[in-house]
Number of protein chains: 2
Amino acid sequence: MADNLQLTPIAYIRTDFTEKFGIPRQSGLVDELVGRVVFEPQFRNPDALREMEGFSHLWLLFGFSKSVRSEWSPTVRPPRLGGNKRVGVFASRSPFRPNPVGLSCVRFLGIEHTEREGDVVLVAGADLLDMTPIYDIKPYLPYADCRPEATGGFAAGRQDYRIEVDISDALLECIPPEKRAAVIACLAEDPRPAYHDQPERIYSMNFAGMDIRFRVKNGVAMVTEVVSKKNADHLPTTVDKKDKK
Amino acid sequence: MADNLQLTPIAYIRTDFTEKFGIPRQSGLVDELVGRVVFEPQFRNPDALREMEGFSHLWLLFGFSKSVRSEWSPTVRPPRLGGNKRVGVFASRSPFRPNPVGLSCVRFLGIEHTEREGDVVLVAGADLLDMTPIYDIKPYLPYADCRPEATGGFAAGRQDYRIEVDISDALLECIPPEKRAAVIACLAEDPRPAYHDQPERIYSMNFAGMDIRFRVKNGVAMVTEVVSKKNADHLPTTVDKKDKK
(Lines give C-alpha, C1' and ligand atoms only; values in the text may rest on other atoms or scores of the structure.)
Protein backbone atom coordinates (compact mmCIF):
# COMPACT_ATOMS: atom_id res chain seq x y z
CA MET A 1 0.00 0.00 0.00
CA ALA A 2 1.30 3.42 -0.99
CA ASP A 3 1.41 5.00 2.45
CA ASN A 4 3.17 2.20 4.22
CA LEU A 5 6.37 3.61 5.62
CA GLN A 6 9.59 1.81 6.40
CA LEU A 7 11.46 3.20 9.42
CA THR A 8 15.19 2.64 9.87
CA PRO A 9 16.90 3.18 13.25
CA ILE A 10 18.94 6.36 13.24
CA ALA A 11 20.41 5.49 16.64
CA TYR A 12 20.24 3.20 19.65
CA ILE A 13 19.93 4.42 23.21
CA ARG A 14 22.17 3.06 25.91
CA THR A 15 20.59 2.98 29.36
CA ASP A 16 21.08 1.22 32.70
CA PHE A 17 18.06 -1.02 32.13
CA THR A 18 18.68 -4.39 30.55
CA GLU A 19 15.28 -5.70 31.63
CA LYS A 20 11.83 -4.13 31.54
CA PHE A 21 11.10 -4.51 35.25
CA GLY A 22 11.75 -1.24 37.06
CA ILE A 23 11.63 1.09 34.06
CA PRO A 24 9.46 4.10 34.98
CA ARG A 25 6.11 4.01 33.23
CA GLN A 26 6.58 7.31 31.42
CA SER A 27 9.50 9.49 30.44
CA GLY A 28 10.58 12.33 32.69
CA LEU A 29 9.41 10.75 35.94
CA VAL A 30 12.94 9.88 37.00
CA ASP A 31 15.28 12.62 35.87
CA GLU A 32 18.28 10.82 37.38
CA LEU A 33 18.20 8.24 34.57
CA VAL A 34 20.84 9.17 32.02
CA GLY A 35 20.76 7.75 28.52
CA ARG A 36 23.27 7.98 25.67
CA VAL A 37 21.82 8.19 22.16
CA VAL A 38 24.46 6.64 19.89
CA PHE A 39 23.92 7.22 16.18
CA GLU A 40 24.20 4.53 13.59
CA PRO A 41 27.24 5.05 11.35
CA GLN A 42 25.27 6.40 8.38
CA PHE A 43 23.54 9.02 10.58
CA ARG A 44 26.64 10.00 12.55
CA ASN A 45 26.98 13.58 11.34
CA PRO A 46 27.61 16.52 13.71
CA ASP A 47 25.74 18.85 11.33
CA ALA A 48 22.49 17.00 12.03
CA LEU A 49 22.70 18.22 15.66
CA ARG A 50 23.49 21.86 14.87
CA GLU A 51 21.56 24.28 17.16
CA MET A 52 20.25 21.47 19.36
CA GLU A 53 21.96 23.24 22.29
CA GLY A 54 19.21 25.84 22.21
CA PHE A 55 16.58 23.36 23.38
CA SER A 56 16.10 22.08 26.89
CA HIS A 57 13.99 19.03 25.99
CA LEU A 58 13.75 16.55 23.13
CA TRP A 59 11.29 13.99 21.83
CA LEU A 60 12.53 10.50 21.13
CA LEU A 61 10.52 8.35 18.74
CA PHE A 62 11.48 4.81 19.50
CA GLY A 63 10.51 1.25 18.73
CA PHE A 64 8.79 -0.96 21.28
CA SER A 65 11.19 -3.56 20.01
CA LYS A 66 10.49 -6.06 22.80
CA SER A 67 6.70 -5.67 22.66
CA VAL A 68 5.84 -6.52 19.07
CA ARG A 69 2.88 -8.85 18.63
CA SER A 70 1.67 -10.23 15.37
CA GLU A 71 -1.94 -9.13 15.91
CA TRP A 72 -3.19 -5.86 17.32
CA SER A 73 -5.76 -5.79 20.08
CA PRO A 74 -8.26 -2.90 20.27
CA THR A 75 -8.01 -2.77 24.07
CA VAL A 76 -5.20 -2.94 26.61
CA ARG A 77 -5.01 -3.13 30.41
CA PRO A 78 -2.89 -0.29 31.82
CA PRO A 79 -0.88 -1.36 34.89
CA ARG A 80 -1.80 1.86 36.72
CA LEU A 81 -5.46 0.87 36.62
CA GLY A 82 -4.76 -2.36 38.44
CA GLY A 83 -4.30 -4.41 35.29
CA ASN A 84 -7.96 -5.39 35.13
CA LYS A 85 -9.73 -2.50 33.44
CA ARG A 86 -9.58 -2.42 29.65
CA VAL A 87 -9.19 0.84 27.74
CA GLY A 88 -8.85 1.49 24.02
CA VAL A 89 -5.33 1.21 22.66
CA PHE A 90 -5.59 4.73 21.19
CA ALA A 91 -6.54 6.05 24.64
CA SER A 92 -3.37 4.54 26.13
CA ARG A 93 0.40 4.67 25.75
CA SER A 94 0.67 0.90 25.84
CA PRO A 95 3.48 -0.65 23.78
CA PHE A 96 1.02 -3.06 22.20
CA ARG A 97 -0.19 -0.88 19.32
CA PRO A 98 -0.83 -1.40 15.62
CA ASN A 99 2.36 0.55 14.87
CA PRO A 100 4.66 -0.08 17.86
CA VAL A 101 6.29 3.36 18.05
CA GLY A 102 6.71 5.10 21.40
CA LEU A 103 7.16 8.73 22.30
CA SER A 104 9.35 9.97 25.16
CA CYS A 105 10.02 13.50 26.30
CA VAL A 106 13.52 13.69 27.73
CA ARG A 107 15.73 16.46 29.04
CA PHE A 108 18.65 17.34 26.79
CA LEU A 109 21.90 17.25 28.75
CA GLY A 110 24.37 17.95 25.99
CA ILE A 111 26.46 16.41 23.26
CA GLU A 112 29.41 14.18 24.06
CA HIS A 113 32.12 14.11 21.43
CA THR A 114 33.69 10.66 21.24
CA GLU A 115 36.28 9.04 19.05
CA ARG A 116 34.60 5.71 18.76
CA GLU A 117 30.90 6.62 18.48
CA GLY A 118 31.02 10.16 17.10
CA ASP A 119 28.73 12.76 18.62
CA VAL A 120 26.47 11.20 21.26
CA VAL A 121 23.32 12.91 22.56
CA LEU A 122 22.99 12.72 26.35
CA VAL A 123 19.49 12.78 27.81
CA ALA A 124 17.87 12.57 31.25
CA GLY A 125 14.61 10.90 32.19
CA ALA A 126 14.53 8.22 29.51
CA ASP A 127 12.11 5.38 30.27
CA LEU A 128 13.81 3.06 27.82
CA LEU A 129 15.43 -0.34 27.75
CA ASP A 130 19.09 -0.48 26.84
CA MET A 131 19.53 -0.77 23.02
CA THR A 132 16.08 0.52 22.15
CA PRO A 133 16.05 1.61 18.49
CA ILE A 134 15.51 5.35 17.99
CA TYR A 135 13.77 6.41 14.78
CA ASP A 136 13.70 10.16 15.24
CA ILE A 137 14.78 12.99 17.54
CA LYS A 138 12.76 16.19 17.50
CA PRO A 139 13.14 19.33 19.59
CA TYR A 140 10.41 19.92 22.18
CA LEU A 141 8.72 23.16 21.14
CA PRO A 142 7.13 24.73 24.23
CA TYR A 143 4.69 26.87 22.22
CA ALA A 144 3.27 23.84 20.42
CA ASP A 145 3.94 20.89 22.74
CA CYS A 146 3.37 22.30 26.22
CA ARG A 147 -0.36 22.50 26.94
CA PRO A 148 -0.94 23.54 30.55
CA GLU A 149 -4.70 23.41 29.94
CA ALA A 150 -4.61 19.72 29.02
CA THR A 151 -6.44 17.28 31.28
CA GLY A 152 -5.39 13.78 31.82
CA GLY A 153 -7.98 11.05 31.65
CA PHE A 154 -7.73 7.86 33.63
CA ALA A 155 -4.02 8.29 34.35
CA ALA A 156 -4.51 11.64 36.11
CA GLY A 157 -4.17 10.29 39.64
CA ARG A 158 -0.91 8.52 39.09
CA GLN A 159 1.11 10.47 41.68
CA ASP A 160 -0.72 8.46 44.37
CA TYR A 161 1.36 5.44 43.34
CA ARG A 162 4.68 6.74 44.66
CA ILE A 163 6.08 4.83 47.62
CA GLU A 164 8.81 5.40 50.15
CA VAL A 165 12.20 3.70 49.86
CA ASP A 166 14.13 2.30 52.78
CA ILE A 167 17.75 1.25 52.23
CA SER A 168 20.43 0.71 54.86
CA ASP A 169 23.74 2.54 54.70
CA ALA A 170 25.51 -0.78 54.25
CA LEU A 171 23.46 -1.63 51.14
CA LEU A 172 23.78 1.89 49.80
CA GLU A 173 27.55 1.41 49.91
CA CYS A 174 27.17 -1.44 47.41
CA ILE A 175 25.81 0.96 44.79
CA PRO A 176 28.18 3.31 42.98
CA PRO A 177 27.58 6.83 44.33
CA GLU A 178 26.52 8.24 40.95
CA LYS A 179 23.80 5.57 40.58
CA ARG A 180 22.22 5.84 44.02
CA ALA A 181 19.75 8.61 43.32
CA ALA A 182 18.48 6.83 40.20
CA VAL A 183 18.00 3.51 42.02
CA ILE A 184 16.02 5.17 44.81
CA ALA A 185 13.90 7.21 42.40
CA CYS A 186 13.04 4.14 40.30
CA LEU A 187 11.99 2.17 43.37
CA ALA A 188 9.87 5.11 44.55
CA GLU A 189 7.87 4.74 41.31
CA ASP A 190 6.71 1.34 42.60
CA PRO A 191 7.80 -1.03 39.84
CA ARG A 192 5.52 -3.86 41.01
CA PRO A 193 2.73 -5.02 38.74
CA ALA A 194 -0.21 -2.99 40.05
CA TYR A 195 -2.26 -6.00 41.05
CA HIS A 196 0.45 -7.37 43.35
CA ASP A 197 0.16 -6.95 47.10
CA GLN A 198 2.45 -9.61 48.49
CA PRO A 199 4.43 -8.05 51.32
CA GLU A 200 6.83 -10.99 51.68
CA ARG A 201 7.62 -11.32 47.99
CA ILE A 202 11.13 -10.34 46.92
CA TYR A 203 11.31 -8.39 43.67
CA SER A 204 14.45 -7.92 41.64
CA MET A 205 15.30 -4.87 39.58
CA ASN A 206 18.21 -5.15 37.20
CA PHE A 207 19.96 -1.80 37.01
CA ALA A 208 23.42 -0.72 35.91
CA GLY A 209 24.81 -4.22 36.21
CA MET A 210 23.35 -4.73 39.68
CA ASP A 211 20.49 -6.81 40.90
CA ILE A 212 18.54 -4.65 43.39
CA ARG A 213 16.30 -6.87 45.54
CA PHE A 214 13.46 -5.43 47.58
CA ARG A 215 10.03 -6.07 49.02
CA VAL A 216 7.12 -3.69 49.53
CA LYS A 217 5.14 -3.52 52.77
CA ASN A 218 2.80 -0.78 53.98
CA GLY A 219 3.80 1.53 51.16
CA VAL A 220 7.52 1.21 51.77
CA ALA A 221 10.02 -0.45 49.43
CA MET A 222 12.69 -2.04 51.63
CA VAL A 223 15.90 -3.02 49.83
CA THR A 224 17.04 -6.42 51.05
CA GLU A 225 20.06 -7.11 48.88
CA VAL A 226 22.30 -5.58 46.19
CA VAL A 227 24.02 -8.13 43.99
CA SER A 228 26.67 -7.02 41.57
CA LYS A 229 26.64 -8.65 38.13
CA LYS A 230 29.39 -8.96 35.61
CA ASN A 231 27.92 -7.07 32.65
CA ALA A 232 29.07 -3.62 33.63
CA ASP A 233 30.93 -2.88 30.38
CA HIS A 234 27.75 -1.61 28.67
CA LEU A 235 26.91 1.14 31.11
CA PRO A 236 26.20 4.63 29.91
CA THR A 237 28.48 7.45 30.89
CA THR A 238 27.30 9.04 34.07
CA VAL A 239 26.91 12.78 33.86
CA ASP A 240 27.39 14.84 36.95
CA LYS A 241 24.44 17.18 37.53
CA LYS A 242 26.82 20.12 37.88
CA ASP A 243 28.17 19.53 34.39
CA LYS A 244 24.76 19.71 32.79
CA LYS A 245 23.94 22.67 30.62
CA MET B 1 18.04 -5.04 9.36
CA ALA B 2 16.25 -6.43 12.39
CA ASP B 3 14.96 -3.15 13.82
CA ASN B 4 13.52 -1.76 10.63
CA LEU B 5 9.84 -1.16 11.25
CA GLN B 6 7.04 -1.11 8.71
CA LEU B 7 4.24 1.36 9.55
CA THR B 8 0.75 0.96 8.13
CA PRO B 9 -1.75 3.83 8.15
CA ILE B 10 -4.42 3.27 10.79
CA ALA B 11 -6.40 6.27 9.50
CA TYR B 12 -6.39 9.29 7.23
CA ILE B 13 -7.19 12.79 8.40
CA ARG B 14 -9.64 14.94 6.47
CA THR B 15 -8.91 18.66 6.68
CA ASP B 16 -9.75 21.83 4.76
CA PHE B 17 -6.24 22.05 3.29
CA THR B 18 -5.68 20.44 -0.10
CA GLU B 19 -2.41 22.32 -0.61
CA LYS B 20 0.50 22.98 1.72
CA PHE B 21 0.43 26.79 1.41
CA GLY B 22 -1.38 28.30 4.38
CA ILE B 23 -1.09 25.36 6.76
CA PRO B 24 0.06 26.67 10.17
CA ARG B 25 3.65 25.75 10.91
CA GLN B 26 2.84 23.80 14.07
CA SER B 27 -0.19 22.12 15.52
CA GLY B 28 -2.38 23.97 17.98
CA LEU B 29 -1.65 27.44 16.63
CA VAL B 30 -5.05 27.67 14.93
CA ASP B 31 -7.61 25.97 17.11
CA GLU B 32 -10.39 26.77 14.62
CA LEU B 33 -9.07 24.12 12.20
CA VAL B 34 -11.19 21.03 12.57
CA GLY B 35 -9.99 17.67 11.29
CA ARG B 36 -11.73 14.32 11.02
CA VAL B 37 -9.63 11.22 11.66
CA VAL B 38 -11.23 8.45 9.61
CA PHE B 39 -10.01 4.96 10.39
CA GLU B 40 -9.04 2.44 7.77
CA PRO B 41 -11.53 -0.45 7.67
CA GLN B 42 -9.28 -2.92 9.51
CA PHE B 43 -8.77 -0.45 12.39
CA ARG B 44 -12.39 0.72 12.58
CA ASN B 45 -13.24 -0.61 16.02
CA PRO B 46 -15.07 1.46 18.67
CA ASP B 47 -13.29 -0.48 21.43
CA ALA B 48 -9.96 1.00 20.34
CA LEU B 49 -11.27 4.45 21.39
CA ARG B 50 -12.67 3.41 24.76
CA GLU B 51 -11.92 6.01 27.52
CA MET B 52 -10.55 8.54 25.01
CA GLU B 53 -13.25 10.95 26.26
CA GLY B 54 -11.24 11.42 29.44
CA PHE B 55 -8.45 13.23 27.58
CA SER B 56 -8.51 16.80 26.34
CA HIS B 57 -5.61 16.49 23.89
CA LEU B 58 -4.15 13.82 21.62
CA TRP B 59 -0.94 13.19 19.73
CA LEU B 60 -1.14 12.31 16.08
CA LEU B 61 1.81 10.51 14.50
CA PHE B 62 1.54 11.13 10.81
CA GLY B 63 3.47 10.70 7.59
CA PHE B 64 5.00 13.63 5.78
CA SER B 65 3.64 11.92 2.72
CA LYS B 66 4.25 14.84 0.38
CA SER B 67 7.74 15.59 1.64
CA VAL B 68 9.58 12.32 1.11
CA ARG B 69 13.02 12.63 -0.47
CA SER B 70 15.21 9.75 -1.43
CA GLU B 71 18.26 11.10 0.45
CA TRP B 72 18.38 12.67 3.88
CA SER B 73 20.18 15.93 4.46
CA PRO B 74 21.81 16.62 7.85
CA THR B 75 20.67 20.26 7.80
CA VAL B 76 17.46 22.09 6.92
CA ARG B 77 16.47 25.75 6.58
CA PRO B 78 13.49 26.57 8.82
CA PRO B 79 11.12 29.13 7.23
CA ARG B 80 10.83 31.03 10.50
CA LEU B 81 14.55 31.81 10.41
CA GLY B 82 14.22 33.50 7.03
CA GLY B 83 14.96 30.37 5.05
CA ASN B 84 18.69 31.08 4.91
CA LYS B 85 20.08 29.76 8.17
CA ARG B 86 20.78 26.06 8.34
CA VAL B 87 20.10 24.02 11.48
CA GLY B 88 20.49 20.31 12.14
CA VAL B 89 17.54 18.17 11.10
CA PHE B 90 17.31 16.72 14.63
CA ALA B 91 17.11 20.26 16.04
CA SER B 92 14.12 21.00 13.80
CA ARG B 93 10.61 19.76 13.07
CA SER B 94 11.21 19.89 9.32
CA PRO B 95 9.39 17.28 7.23
CA PHE B 96 12.63 16.37 5.49
CA ARG B 97 13.94 13.81 7.97
CA PRO B 98 15.51 10.36 7.73
CA ASN B 99 12.22 8.83 8.91
CA PRO B 100 9.50 11.22 7.68
CA VAL B 101 7.13 10.95 10.65
CA GLY B 102 5.55 14.06 12.15
CA LEU B 103 4.08 14.76 15.56
CA SER B 104 1.06 16.99 16.17
CA CYS B 105 -0.65 17.84 19.41
CA VAL B 106 -4.33 18.43 18.76
CA ARG B 107 -7.36 19.12 20.90
CA PHE B 108 -9.80 16.22 21.14
CA LEU B 109 -13.32 17.39 20.27
CA GLY B 110 -15.18 14.12 20.45
CA ILE B 111 -16.17 11.02 18.55
CA GLU B 112 -18.62 11.17 15.67
CA HIS B 113 -20.57 7.98 15.07
CA THR B 114 -21.21 7.53 11.35
CA GLU B 115 -22.78 4.85 9.22
CA ARG B 116 -20.35 5.04 6.38
CA GLU B 117 -17.00 5.60 8.14
CA GLY B 118 -17.61 4.14 11.58
CA ASP B 119 -16.39 6.09 14.61
CA VAL B 120 -14.51 9.19 13.54
CA VAL B 121 -12.21 11.15 15.89
CA LEU B 122 -12.74 14.92 15.67
CA VAL B 123 -9.79 17.15 16.50
CA ALA B 124 -9.00 20.87 16.57
CA GLY B 125 -5.75 22.58 15.67
CA ALA B 126 -4.42 20.06 13.16
CA ASP B 127 -1.68 21.44 10.92
CA LEU B 128 -2.16 18.72 8.36
CA LEU B 129 -2.90 18.36 4.69
CA ASP B 130 -6.13 16.63 3.74
CA MET B 131 -5.59 12.85 3.45
CA THR B 132 -2.41 12.76 5.52
CA PRO B 133 -1.80 9.17 6.68
CA ILE B 134 -2.03 8.72 10.47
CA TYR B 135 0.10 5.96 11.98
CA ASP B 136 -0.81 6.34 15.63
CA ILE B 137 -3.01 8.24 18.07
CA LYS B 138 -1.83 8.58 21.66
CA PRO B 139 -3.40 10.45 24.57
CA TYR B 140 -1.55 13.58 25.69
CA LEU B 141 -0.45 12.86 29.25
CA PRO B 142 -0.03 16.18 31.08
CA TYR B 143 2.23 14.73 33.77
CA ALA B 144 4.70 13.41 31.19
CA ASP B 145 4.22 15.59 28.11
CA CYS B 146 3.62 19.06 29.53
CA ARG B 147 6.95 20.62 30.55
CA PRO B 148 6.42 24.22 31.59
CA GLU B 149 10.14 24.51 32.36
CA ALA B 150 11.12 23.70 28.76
CA THR B 151 12.90 26.36 26.75
CA GLY B 152 12.60 26.75 23.08
CA GLY B 153 15.74 27.28 21.05
CA PHE B 154 15.74 29.22 17.81
CA ALA B 155 11.97 29.08 17.36
CA ALA B 156 11.25 30.78 20.69
CA GLY B 157 10.47 34.18 19.21
CA ARG B 158 7.92 32.97 16.72
CA GLN B 159 4.93 34.94 18.09
CA ASP B 160 6.45 38.03 16.49
CA TYR B 161 5.44 36.68 13.11
CA ARG B 162 1.69 37.12 13.57
CA ILE B 163 0.11 39.74 11.32
CA GLU B 164 -3.20 41.55 11.18
CA VAL B 165 -5.94 40.50 8.78
CA ASP B 166 -8.13 42.93 6.88
CA ILE B 167 -11.18 41.57 5.05
CA SER B 168 -14.20 43.53 3.84
CA ASP B 169 -17.71 42.54 4.86
CA ALA B 170 -18.52 41.79 1.21
CA LEU B 171 -15.67 39.27 0.94
CA LEU B 172 -16.46 37.80 4.34
CA GLU B 173 -19.94 37.03 3.00
CA CYS B 174 -18.34 34.76 0.38
CA ILE B 175 -16.98 32.48 3.11
CA PRO B 176 -19.34 30.08 4.90
CA PRO B 177 -19.89 31.45 8.43
CA GLU B 178 -18.43 28.38 10.13
CA LYS B 179 -15.15 28.72 8.16
CA ARG B 180 -14.54 32.43 8.70
CA ALA B 181 -12.65 32.26 12.00
CA ALA B 182 -10.33 29.58 10.61
CA VAL B 183 -9.54 31.55 7.47
CA ILE B 184 -8.70 34.67 9.45
CA ALA B 185 -6.61 32.76 11.99
CA CYS B 186 -4.60 31.01 9.26
CA LEU B 187 -3.86 34.30 7.50
CA ALA B 188 -2.81 35.85 10.82
CA GLU B 189 -0.08 33.18 11.02
CA ASP B 190 1.49 34.79 7.93
CA PRO B 191 1.66 31.94 5.45
CA ARG B 192 4.19 33.66 3.19
CA PRO B 193 7.62 32.16 2.77
CA ALA B 194 9.62 34.06 5.38
CA TYR B 195 12.05 35.61 2.89
CA HIS B 196 9.24 37.26 0.87
CA ASP B 197 8.55 40.96 1.27
CA GLN B 198 6.68 41.85 -1.90
CA PRO B 199 3.77 44.10 -0.91
CA GLU B 200 2.08 43.95 -4.33
CA ARG B 201 2.30 40.20 -4.73
CA ILE B 202 -1.00 38.32 -4.57
CA TYR B 203 -0.85 35.04 -2.62
CA SER B 204 -3.45 32.33 -2.85
CA MET B 205 -4.47 30.02 0.00
CA ASN B 206 -6.61 27.05 -0.89
CA PHE B 207 -8.99 26.36 1.97
CA ALA B 208 -12.27 24.46 2.26
CA GLY B 209 -12.82 24.53 -1.47
CA MET B 210 -12.13 28.23 -1.73
CA ASP B 211 -9.24 30.17 -3.13
CA ILE B 212 -8.48 32.97 -0.64
CA ARG B 213 -6.36 35.64 -2.34
CA PHE B 214 -4.48 38.26 -0.33
CA ARG B 215 -1.44 40.47 -0.21
CA VAL B 216 0.64 41.59 2.77
CA LYS B 217 1.72 45.19 3.29
CA ASN B 218 3.01 46.84 6.45
CA GLY B 219 2.20 43.81 8.55
CA VAL B 220 -1.41 43.52 7.38
CA ALA B 221 -2.83 40.73 5.24
CA MET B 222 -5.50 42.28 3.02
CA VAL B 223 -7.88 39.81 1.39
CA THR B 224 -8.46 40.81 -2.23
CA GLU B 225 -10.67 38.03 -3.55
CA VAL B 226 -12.48 34.86 -2.49
CA VAL B 227 -13.02 32.38 -5.31
CA SER B 228 -15.20 29.37 -4.77
CA LYS B 229 -13.97 26.09 -6.23
CA LYS B 230 -15.89 22.99 -7.11
CA ASN B 231 -14.23 20.44 -4.84
CA ALA B 232 -16.32 21.04 -1.78
CA ASP B 233 -17.51 17.47 -1.37
CA HIS B 234 -14.45 16.48 0.64
CA LEU B 235 -14.85 18.98 3.44
CA PRO B 236 -14.74 17.92 7.04
CA THR B 237 -17.74 18.25 9.22
CA THR B 238 -17.76 21.57 10.99
CA VAL B 239 -18.24 21.34 14.71
CA ASP B 240 -19.90 24.19 16.51
CA LYS B 241 -17.78 25.35 19.43
CA LYS B 242 -20.75 25.08 21.75
CA ASP B 243 -21.05 21.40 21.02
CA LYS B 244 -17.49 20.64 22.01
CA LYS B 245 -16.87 18.74 25.14
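Residues numbered from 1 in each chain as written. Chains lettered and ligands numbered in written order. Predicted model: local features only at pLDDT ≥ 70, side-chain atom pairs only at ≥ 80, totals over all residues. Heavy atoms only, no water.

Moving on, we come to the confidence of the model for chain A. Residue and element names in this part refer to chain A. Confidence in the prediction for chain A averages 88 pLDDT; 88% of positions are at 70 or higher. Every residue in residues 231-235 is under pLDDT 50, and counting partners more than four places away or in other chains gives five contacts. Low pLDDT, under 50, characterises residues 237-245; the predicted model gives this stretch 18 contacts beyond four residues in sequence or across chains. Predicted complex, confidence summary: ipTM 0.87, pTM 0.88. (pLDDT = per-residue confidence, 0-100. Contact = heavy atoms within 4.5 Å.)

Moving on: the interface of chain A and chain B. With 76 residues of chain A at the interface, the matching set in chain B holds 76 residues. Around 7,000 Å² of area is buried between chain A and chain B when both sides are counted, 60% of it from carbon and sulfur atoms. The three residues of chain A that bury the most area against chain B are L5, F90 and N99 of chain A, which together make up 11% of that side's buried surface. Taken together, chain A and chain B are joined by six salt bridges. Taking the shortest distance from any N to any O, the salt bridge between E51 of chain A and K85 of chain B comes out at 3.3 Å. On the surface where chain A and chain B come into contact, there are 38 residue pairs in polar contact (both at pLDDT 80 or more). Elements that contribute at least two residues to the side of chain A that touches chain B include exactly β1 (5-7), β4 (57-63), β6 (87-88), β7 (101-114), β9 (132-139) and α1 (142-145) of chain A. (Buried area = accessible area lost by both parts, 1.4 Å probe. Salt bridge = Lys/Arg side-chain N within 4 Å of Asp/Glu carboxyl O. Polar contact = N/O pair within 3.5 Å; in protein donor to acceptor, adjacent residues only side chain to side chain. Helix = DSSP H or I, 4+ residues; strand = E, 2+ residues; numbered from the N terminus.)

A few words now on the environment of V223 of chain B. Residues and elements named next belong to chain B. Within the element layout of this structure, V223 appears in strand β13 (residues 220-228). When the C-alpha atoms of V223 and L49 are compared, they prove to be 41 Å apart, with 174 residues separating the residues in sequence. Sequence-distant contacts of V223, that is, excluding residues within four places in its chain, are made with D166, I167, L171, L187, I212, R213 and F214.

Moving on, we get to the relation of the copies chain A and chain B. Overlaying chain A on chain B yields an RMSD of 0.0 Å, the required transformation being a rotation through 180° with an accompanying axial translation of 0.0 Å. Overall, the copies show the geometry of a two-fold rotation axis. Both copies present the same face, since 100% of the interface residues in chain A are matched by interface residues at the equivalent positions in chain B. (Least-squares fit on C-alpha atoms with pLDDT ≥ 70 in both.)

With that settled, consider the environment of I163 of chain B. All names here are of chain B. Mapping I163 onto the fold places it in the loop between α1 (142-145) and β10 (164-166). Sequence spacing of I163 and P191 is 28 residues, and the spatial spacing of their C-alpha atoms is 9.9 Å. The residues touching I163, leaving out its near neighbours within four places in the chain, are L187, A188, D190, V216, G219 and A221.

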